[in-house]
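Notes for the structure review
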Amino acid sequence: MLFEVLRKVEEQLLKELPFVVYKKPNSKRIHVIIQKDGKLRYTKDFSEIGFVFAPFDSHTPAVLMPLHEQLQADIEEGTEPNFGSTNILDEQEREKEFHMDLVKKGAHLIEKGYLDKVVVSRELEVDCQSPPFEIFQRLLANYDSAFCYLWYHPKVGMWLGATPEILLRTTNNRLTTMSLAGTQTTVEGETPSWGQKEVDEQRMVTEYISKALQNEVSQMKVGNVESVRAGDLWHLRTKITAVYQNDLSNIIRALHPTPAVCGLPLPPARKFIMEHENYHREYYTGFLGELNIRQEIGRTSNDSRNQENKAYRSLTTSSELFVNLRCMKLADGKATLYVGGGITKDSIPENEWQETVAKSKTLLRVLSI
Ligand SMILES: C=C(O[C@H]1C=CC=C(C(=O)O)[C@@H]1O)C(=O)O
């Protein structure tokens, strides 16, 4: 079944028509959305229905894929994690000097009091001969708790990733979001212990989100800080829930970008990123996912009591958006990977560099066989 669904998507790619194939965190279900024409559509105000793919730059419009055709299939049992080995890591050394310099520049502005935090990132281009569907299947096998996706639009390009970060989940007017920041590599059998730098870095994100949502929501609950695993990495996470009454666009505007991918205060951090990173982020650190999906929930039946049962059905509208992290762009036999990390007053440039190397490993390993 999965094979058939993926073959259908492959045909779509051969015809150069848009599609997205994805798996939600801790789920075995693959979802496919097929767009029947090659038109490039954008959201106006996030009131539309479809699959949204938004760039980091919130002034640039988000691509909207309408739900022309939807397919689903379950991942077959027994798909074992199968990481390849990689020797591409050594080549990253060339980028090291520039990145460490970027970290130092950010840290300097933090010392001067212009910024509290800034997230700096880099791109890394590698040869990639594997077919996209093969890479996607390796993502599925290795990142069970992530949102894994392969997205394509002929006028935009092909993107693929396995992100651990939820931007928001809504069901009717109930909202769940999270503050995710702080990184360390996993050591098998050990639980992580966190330094002050990571604790501060993540707390800033939680405080920012709570404040940004304050005027948009009611009944806000901020959970405890917990360690969560994403592949070979640990992060710190706080779940935040609330109820909102107004437009979803207000919530999205409040949450994108958070200091988990941009910085604090937001405007000078954004300016720093735009001016000093030596590449264009495009959709990395943007967001993607299902927007305003309508679902009928309740009892369904074909028997004579059907009419009666209809009374118990209810219509829900839900959205599930993820921050586009641990992702890459595929084009012309090359994969461009994107990795970054939060800089605070306690950042050590060498450690920040190593963090981006660790993050790139999670992606490089699904590229090599
Ligand atoms: C910007 C990235 O991660 C963010 C999310 C989790 C942890 C992060 C950190 O520890 O710096 C970043 O804020 C990335 O992975 O490219």
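Residues numbered from 1 in each chain as written. Predicted model: local features only at pLDDT ≥ 70, side-chain atom pairs only at ≥ 80, totals over all residues. Heavy atoms only, no water.

In this section: the UniProt feature "domain: Chorismate-utilising enzyme C-terminal" (unreviewed entry) in the protein. UniProt marks residues 97–295 and 316–359 with the feature "domain: Chorismate-utilising enzyme C-terminal" (unreviewed entry), using the numbering shown here. Secondary structure across residues 97–295 divides into 32% helix and 40% strand, with the first and last C-alpha atoms of the span separated by 51 Å. In residues 316–359, the share of helix is 25% and the share of strand is 52%. The end C-alpha atoms are 37 Å apart. (UniProt positions renumbered as here; feature names shortened; annotations may be inferred. Helix = DSSP H or I, 4+ residues; strand = E, 2+ residues; numbered from the N terminus.)

This next bit is on the sheet that holds strand 16 (residues 327–331). In space, the 9 strands of this open sheet follow the order 5-2-1-7-8-16-17-6-13, with antiparallel pairing throughout. In the strand order of this sheet, the two ends are held by strand 5 (69–74) and strand 13 (263–264), each with one partner. Inspection of the sheet shows strand 1 (residues 19–23) paired to strand 7 (residues 147–153) by 5 bridges, in the antiparallel sense. The partner of Val21 across the bridge, within strand 7, is Leu150. (Pairing = 2+ DSSP bridges.)

A separate point is the site of the ligand. What surrounds the ligand is a group of 18 residues, the closest being Thr183, Ala260, Tyr284, Arg326 and Gly342. Interatomic distance of 2.7 Å between a backbone N/O atom of Gly342 and an oxygen atom of the ligand. Take Lys359: an N or O atom from its side chain is 3.2 Å from an oxygen atom of the ligand. Protein chains shield 100% of the accessible area of the ligand, which is 380 Å² for the free molecule. Classifying every residue of the shell around the ligand by side-chain character gives 7 nonpolar, 6 polar and 5 charged. (Near = heavy atom within 4 Å. Polar contact = N/O pair within 3.5 Å; in protein donor to acceptor, adjacent residues only side chain to side chain. Areas by Shrake-Rupley, 256 points an atom, 1.4 Å probe, with all protein chains shown as cover. Nonpolar A, V, L, I, M, F, W, Y, C, P; charged D, E, K, R; others polar.)

Time to look at the packing of aromatic side chains. Two aromatic rings, taken as a pair, are described by how far apart their centres are and by the angle between their planes. According to the stated counting rule, one finds 16 aromatic pairs in the structure shown. With a centroid separation of 5.9 Å and an interplanar angle of 20°, the aromatic rings of Phe19 and Phe133 are classed as stacked. Taken as a pair, Phe19 in strand 1 and Phe133 in helix 3 (residues 132–142) lie far apart in primary sequence, 114 residues in all. Ring geometry for Trp159 against Tyr338: centres 5.2 Å apart, planes inclined by 15°, an arrangement best described as stacked. Of the two residues, Trp159 is situated in strand 8 (residues 157–163) and Tyr338 in strand 17 (residues 334–343); the sequence distance between them amounts to 179 residues. Grouped by ring-pair contacts, the aromatic residues Tyr22, Phe51, Phe53, Phe147, Tyr149, Trp151, Trp159, Tyr279, Tyr283, Tyr284, Phe322 and Tyr338 constitute a single cluster. (Phe/Tyr/Trp six-rings, centres within 6.5 Å; stacked < 30°, edge-to-face > 60°.)

Moving on, we get to the packing of helix 4 (residues 196–213) against helix 5 (residues 248–255). Between helix 4 and helix 5, whose axes approach to 9 Å, the crossing angle comes to 150°. Our classification of the angle between helix 4 and helix 5 gives roughly antiparallel. In this structure, the crossing between helix 4 and helix 5 has a hand that is right-handed. For the pair helix 4 and helix 5, the contacting residues are Tyr208, Ile209, Ala212 and Leu213 in the first and Ile251, Ala254 and Leu255 in the second. Residue composition of the contact of helix 4 with helix 5, grouped by class: 7 nonpolar, no polar and no charged. (Axes fitted to C-alpha atoms, helices over the stretch in contact; angles between N-to-C directions. Parallel < 35°, antiparallel > 145°, perpendicular 65-115°, else oblique. Left-handed = near helix turned anticlockwise from the far one by under 90°. Contact = heavy atoms within 4.5 Å.)

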